[in-house]
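# Structural overview for review
The residues making up each chain are set out below.
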Amino acid sequence: MALPSGCVASVVSEWFCYRVTVLLDCWDVFCHASRKAMQQIMEEFGVAQGNTFPIELGLSDVKIKRVVVDRLGDYHLYASCTARSTCCSRCGKPITKSHGHCKESVIEHLPILDRRVFIHVQWSRFVCIDCDNKTTSLRPNWVNTTGQMTVAYENFVLKCLINSTAKDVAEKLRSTEDIVEGIVERRIA
Ligand SMILES: [Zn+2]
């Protein structure tokens, strides 16, 4: 039954509806803020969203710029070098005078979800004025002595070799026997 406008019941009803509307608006704002806060917390702590999650590579001096998946499904991580200094390879002193970049290095890292992972980076080069302007390129301690794979990858290959031959491991990791044997020679032999 419609209430005559201006009567007390109508005023109370309108006031009530207004309050309910305001309360619902507040609830919406609260829910939105809660969702946003929760999302920020999840992002901060790297918690999974949907079916993806960030991976901490644990590699210093690089910043990943883009990731490309090749036709074999392998990951290629294109990174820039963030180092501001290195140590002179002749005198050992810290050097900060920049001298361009090296050619691109392609460094194999630990596989992710059974896909090979390659980091592409051009290492920064520095010059030492105390050593007749000798240049030294950065080589972070996570890169192996050949500059073609990470120390973590070498360790992984050595672990795979337990109770397996170099041929088996090369096949499983889609690598070559030469590469696997090279790791053994450098690290164990
Ligand atoms: Zn020097």
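For the structure given in this document, a descriptive report is provided here. The numbering scheme is per chain: residues are counted from 1 as the chain's sequence reads. Side-chain atom pairs in this predicted model are given and counted only at pLDDT of 80 or more, local residue features only at pLDDT of at least 70, and totals for whole chains, interfaces and linings cover all residues.

Turning our attention to the overall build of the chain. Each helix and strand counted, the chain has 4 helices and 9 strands in total. Only DSSP runs of H or I with at least four residues qualify as helices, and only runs of E with at least two residues qualify as strands; both kinds are numbered from the N terminus onward. Reading the secondary structure of the chain in the N-to-C direction produces α-β-β-β-β-β-β-β-β-β-α-α-α. Contact between two residues is assigned whenever their backbone-derived C-beta positions fall within 7 Å. Across the chain, every contact between residues at least 6 apart in sequence was considered, and the portion connecting residues at least 24 apart equals 47%.

In this section: the sheet that holds strand β6 (residues 105–112). With mixed pairing, 4 strands are arranged side by side in an open sheet as β1-β2-β7-β6. Across the chains shown, the open sheet's two edge strands, defined by having one partner strand only, are β1 (62–69) and β6. Looking at each pair of strands side by side, their axes are set apart by 25° on average, direction ignored. Of the strand pairs in this sheet, β1 and strand β2 (residues 75–81) are connected by 7 bridges, and their pairing is antiparallel. Looking at the pairing, I64 lines up with A79 of β2. Strand pairing is assigned whenever DSSP identifies at least 2 bridges connecting the two strands. The axes used here are C-alpha line fits, helices contributing only the stretch in contact, and every angle between their N-to-C directions lies in the interval 0 to 180 degrees.

Unlike most non-glycine residues, L113 shows phi in positive territory, near 50°. Inspection of the secondary structure puts L113 in the loop between β6 and β7 (115–121). Here the phi dihedral of N163 falls at roughly 60°; this positive angle occurs in a residue that is not glycine. By the element assignment, N163 lies in the loop between α2 (151–160) and α3 (166–172).

Within soluble globular proteins, side chains that are nonpolar generally end up buried alongside one another. Any set of buried Ala, Val, Leu, Ile, Met, Phe, Trp, Tyr and Cys residues joined through C-beta atoms within 7 Å is what this text calls a nonpolar core. With C-beta atoms placed from the backbone, a residue counts as buried when 20 or more other C-beta atoms lie within 10 Å of its own, as exposed when 12 or fewer do, and as partly exposed for counts between those limits. Formed by 17 residues in total, the largest nonpolar core has its most connected members in A79, I119, V121, V157 and V180. Residue contributions to this core peak at 3 residues, all from β7. If sequence neighbours within four positions are ignored, V157 has contacts with V169, L173, V180 and I183.

Inspection of the secondary structure assignment puts T146 in the loop between β9 (134–137) and α2. Distance in space between the C-alpha atoms of T146 and I183 is 9.8 Å, their sequence separation being 37 residues.

In this section: the sheet that holds β9. The strand order β5-β8-β9 describes an open sheet built from 3 strands, whose pairing is antiparallel. The sheet is open, and its two edges are formed by β5 (97–101) and β9, each paired on a single side. Neighbouring strand axes in the sheet, compared pairwise and without regard to direction, differ in orientation by 35° on average. Bridging between β5 and strand β8 (residues 124–128) involves 3 bridges; their strand directions are antiparallel.

In β8, alternate side chains face the same way, and those of S124, F126 and C128 are buried while those of R125 and V127 on the opposite face are not. As consecutive antiparallel partners, β8 and β9 are separated by 5 residues, and within that stretch D132 has a phi angle of approximately 60°, a positive value.

The geometry of a pair of packed helices is captured by two quantities: the angle between their axes and the separation between those axes. With their axes 10 Å apart at the nearest point, α2 and helix α4 (residues 177–187) run at an angle of 100° to one another. Classified by the interaxial angle, the pair formed by α2 and α4 is roughly perpendicular. On the side of α2, the interface is formed by E154, V157 and L158, while α4 contributes V180, I183 and R187. Lys, Arg, Asp and Glu make up the charged group, whereas Ala, Val, Leu, Ile, Met, Phe, Trp, Tyr, Cys and Pro make up the nonpolar group; the residues left over, Gly among them, are polar. Along the lines of polarity and charge, the residues of the contact of α2 with α4 split into 4 nonpolar, no polar and 2 charged. For classification purposes, an angle smaller than 35 degrees is called roughly parallel, one larger than 145 roughly antiparallel, one from 65 to 115 roughly perpendicular, and anything else oblique.

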